[in-house]
Amino acid sequence: MSENILERVLLPIASPKDARTTCELALPRIADANGSVICVNVVEKGGGSLDPTSPTQQEERAEEVFEIVTDECEVKGIPLETRILYGTDVVETIFEAAEEEDVTAIAFTPASPTD
């Protein structure tokens, strides 16, 4: 295992606001550690229930998130990969991706009640 915990970081991002906050807080540390980022956005499947947002709208939101993270990573010189993930349990989907991608850390900012 790497001694650099920020070598390969999974950034789960939920919204454009979350993208800006997470980038502001996490990317300087990742850049200082010469790390890389895998940014993921989870499109939550309803598990049989009706979802008020269409998959197309959710994917468009994911692309908006990726655009923000891409711009911020480019400015800081951080290598970036992006993935849209699909799952009925967001947390479980993030942990599965972390394992599949063999990341060294998962970094996120907690959501406030108004997000």
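Everything discussed here concerns the structure shown above.
Right, let's walk through the structure included here. Just so it is clear, the structure is predicted and the values come from calculations on it, not from any experiment. (Residues numbered from 1 in each chain as written. Predicted model: local features only at pLDDT ≥ 70, side-chain atom pairs only at ≥ 80, totals over all residues. Heavy atoms only, no water.)

### A few points about the environment of R61
Residue position: R61 is located in helix α2 (residues 55-76). Separated by 47 residues in sequence, R61 and A14 place their C-alpha atoms 8.8 Å apart. Each residue touching R61, except ones within four places of it in the same chain, is listed here: A14 and P16. (Helix = DSSP H or I, 4+ residues; strand = E, 2+ residues; numbered from the N terminus. Contact = heavy atoms within 4.5 Å.)

### Overview of unusual backbone geometry
Most peptide bonds take the trans form, and the phi angle of most residues other than glycine is negative. One non-glycine residue, N34, lies in the positive phi region at around 55 degrees. In this structure, N34 sits in the loop between α1 (16-32) and β2 (36-44). At D102, a residue that is not glycine, the phi angle is positive and equals roughly 55 degrees. In this fold, D102 is placed in the loop between α3 (90-101) and β4 (105-106).

### Brief notes about the sheet that holds strand β1 (residues 8-12)
In space, the 4 strands of this open sheet follow the order β3-β2-β1-β4, with parallel pairing throughout. The open sheet has two edge strands, β3 (80-87) and β4, and neither has a second partner. Pairing analysis gives 2 bridges linking β1 to β4, with the strands arranged parallel. Looking across to β4, one finds that L10 is bridged to I106. Set on the sheet, α2 makes contact with β2 and β3; between it and β2 the angle comes to about 165 degrees. (Pairing = 2+ DSSP bridges. Axes fitted to C-alpha atoms, helices over the stretch in contact; angles between N-to-C directions.)

### Observations regarding the packing of α1 against α2
Between α1 and α2, whose axes approach to 10 Å, the crossing angle comes to 25 degrees. Between α1 and α2, the interaxial angle falls into the category roughly parallel. Read as a crossing pair, α1 and α2 show a hand that is right-handed. Here P16, A19, R20, C23, L27, P28 and A31 of α1 come into contact with α2, specifically with R61, E64, V65, I68, V69, E72, C73 and K76. (Parallel < 35°, antiparallel > 145°, perpendicular 65-115°, else oblique. Left-handed = near helix turned anticlockwise from the far one by under 90°.)

### Observations regarding the pattern of salt bridges
Where side chains of opposite charge bring their charged atoms close, a pairing between them can arise. In total, this model carries 5 salt bridges according to the counting rule given. The shortest N-O distance in the salt bridge between R8 and E101 comes to 3.2 Å. Of this pair, R8 sits in strand β1 while E101 is found in helix α3, placing the two residues 93 residues apart along the sequence. Accessibility expressed as a relative area gives 23% for R8, which makes it partly exposed. Residue classification places E101 among the buried residues on the basis of a relative accessible area of 18%. Put simply, K76 and E72 hold a salt bridge, and the shortest N to O gap is 4.0 Å. Of this pair, K76 and E72 both sit in helix α2, 4 residues apart, which is roughly one turn of that helix. Members of the salt-bridge network, linked through shared partners, are R8, E81, R83 and E101. (Salt bridge = Lys/Arg side-chain N within 4 Å of Asp/Glu carboxyl O. Buried < 20%, exposed > 50% of the residue type's maximum accessible area, 1.4 Å probe, protein only.)

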